[in-house]
Amino acid sequence: MLTVYVLWLACQVAWTWELHKPVPWQQHCSAACQCMDDGRVVICSHSRLSRVPSDLPATTKTLDMDDNQLGALRNTSFIGLSNLEVVSVQHNGIQFLETGVFLRLSRLREVRLGGNHLTRLPRNVFRRNRNLQVLDLHGNTFVTLPDVAMFRQHNLLVLNMSSNHVTSSVLGPAFRFTTQLTSLDLE
Ligand SMILES: *[C@@H]1O[C@H](CO)[C@@H](O)[C@H](O)[C@H]1NC(C)=O
Ligand SMILES: *[C@@H]1O[C@H](CO)[C@@H](O)[C@H](O)[C@H]1NC(C)=O
């Protein structure tokens, strides 16, 4: 009797597993995007998207969302994408970022926000992103350098502020943390 029960249980478990086994990334690329390199590189550029698709593979390391219509980056924009290292959201009419947008992205190395309408960054926006190496803010409407966001950015190598409305090249106090900064573009 016990043997029969055990067999029945094994069948149930196998059946449940079949239903719920993880979906391979190939079957799981958002319709608006192209997934490459085993789901590590995801390209969703030029797709008229007003939000980051919610069905991107969790394996995504590089996400290219250039030339869409995001308008803003929200706390919820990158939920479930904790492996992200490179995010490019250039030319998206972005006017603001919510403070928590990059909160869970501890591997973030490169953020490209060029060609948007940003005048400032929330003060704690990179609080949990201590591996940030490249921050590209070219072609926005900043009038001052994003000082407070530089707090504890020990690994930042490149800050691109070209084609903004920055009137003073004075580095604020938080820039004392950016000891690795090798390129600050103020053209
Ligand atoms: C999400 O964004 C709002 C601002 O729109 C902010 O007040 C809130 O603290 C954020 N949440 C997190 C977890 O950062
Ligand atoms: C900053 O961005 C502009 C526009 O994309 C580019 O031409 C320039 O080379 C960049 N500067 C650096 C230091 O990467």
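Just so you know, these numbers come straight off a predicted model, no measurement behind them.

Peer 1: So what exactly am I meant to see when it comes to the site of ligand 1 here?
Peer 2: As a structural note, the neighbourhood of ligand 1 is formed by N75, E98 and G100. At a separation of 2.5 Å, an oxygen atom of ligand 1 approaches a polar side-chain atom of N75. At 2.7 Å, a side-chain N or O of E98 approaches an oxygen atom of ligand 1. In isolation ligand 1 exposes 360 Å². Once the protein is present, 41% of that is buried.

Peer 1: Is there a simple way to think about the layout of surface pockets in this case?
Peer 2: Sizing a probe to match a water molecule and rolling it over the atoms shows the empty space that remains. Considering only enclosed or pocket space, the largest pocket measures out at about 330 Å³ in volume. A class-by-class count of the residues in the lining of the largest pocket yields eight nonpolar, five polar and two charged.

Peer 1: What's the story with a nonpolar patch on the surface in this structure? I'm lost.
Peer 2: On the surface, L171, L184 and L186 cluster together into a nonpolar patch covering about 220 Å² of accessible area. Note on placement: L184 falls in strand β10 (residues 183-185). The exposure class assigned to L184 is partly exposed, which follows from its relative accessible area of 30%.

Peer 1: Looking at this structure, how should I read the site of ligand 2?
Peer 2: Around ligand 2, the structure places H138, N160, S162, S183 and D185. Between an oxygen atom of ligand 2 and a side-chain N or O atom of N160, the distance comes to 2.3 Å. Contact between ligand 2 and D185: a nitrogen atom at 2.8 Å from a side-chain N or O atom of the residue.

Peer 1: Please explain the pattern of salt bridges as it appears in this structure.
Peer 2: Where charged atoms of side chains with opposite charge meet at close range, the side chains can pair. Enumeration according to the criterion identifies six salt bridges in this entry. A salt bridge links D37 to R40, with the nearest nitrogen and oxygen atoms 3.2 Å apart. For R40, a relative accessible area of 32% translates into the label partly exposed. Put simply, R109 and E85 hold a salt bridge, and the shortest N to O gap is 3.0 Å. Here the residue R109 occupies a position in the loop between β6 (96-97) and β7 (110-112), and E85 occupies one in the loop between β4 (72-73) and β5 (86-88), the gap between them amounting to 24 residues. Overlapping salt bridges bring together D37, D38 and R40 as one network.

Peer 1: Which parts of the structure should I look at to understand the sheet that holds β10?
Peer 2: The strands making up a sheet are joined through hydrogen bonds of the backbone, oriented either antiparallel or parallel. With respect to topology, eight strands assemble into an open sheet ordered β1-β2-β3-β5-β7-β8-β9-β10, the strand pairing being mixed. Edge positions in the sheet fall to β1 (34-36) and β10, since each has one partner strand and no second. Across the sheet, the mean angle from the axis of one strand to that of its neighbour is 5°, orientation sign disregarded. Sheet topology places strand β3 (residues 62-64) next to β5; three bridges connect them, and they run parallel. Bridge pairing in β5 links T62 to V86.

Cut-off values and rules
- Here the residue numbers are simple positions, counted from 1 along each chain's written sequence.
- Chains carry letters from A onward and ligands carry numbers from 1 onward, assigned in written order.
- Note on the predicted model: pLDDT of at least 70 is required for a residue's local features to be given, and 80 or more for side-chain atom pairs to be given and counted; whole-chain, interface and lining totals, by contrast, use all residues.
- Side-chain measures here rest on the full set of heavy atoms in the structure, leaving out hydrogens and waters.
- Any residue with a non-hydrogen atom lying within 4 Å of a molecule or strand is treated as near it.
- What qualifies as a polar contact is a pair of N or O atoms within 3.5 Å, subject to a donor-acceptor requirement within protein and to the restriction that residues adjacent in sequence count only when both atoms come from side chains.
- Only the protein chains shown count as covering a residue, and every accessible area follows the Shrake-Rupley method with a 1.4 Å probe.
- We place a 1 Å grid over just the protein atoms. Points where a 1.4 Å probe fits but has no way out form a cavity, open points with protein on both sides within 12 Å along at least 5 of 7 lines form a pocket, and any residue with an atom within 4 Å of a point lines it.
- Grid points are joined across faces, edges and corners, and a volume is the space filled by probe spheres set on the points.
- Under the scheme applied here, ten amino acids are nonpolar (Ala, Val, Leu, Ile, Met, Phe, Trp, Tyr, Cys and Pro), four are charged (Asp, Glu, Lys and Arg), and all others, including Gly, are polar.
- Any residue with relative accessible area above 30% and no salt bridge may belong to a patch, with like charges joined within 9 Å and the nonpolar Val, Leu, Ile, Met, Phe, Trp and Tyr side chains within 5 Å.
- Any carboxyl oxygen of Asp or Glu that lies within 4 Å of a side-chain nitrogen of Lys or Arg is treated as forming a salt bridge with it.
- Working definition: helices are DSSP H or I runs of at least four residues, strands are E runs of at least two. Numbering for both runs from the N terminus.
- Any residue under 20% of the maximum accessible area for its type is buried, any over 50% is exposed, and the rest in between are partly exposed; the area is computed with a 1.4 Å probe on protein chains only.
- Each pair of strands is called paired provided DSSP finds at least two bridges between the two strands.
- To obtain an axis, a line is fitted to C-alpha atoms, over the contacting stretch when the element is a helix, and the angle between two such axes runs from 0 to 180 degrees between their N-to-C directions.

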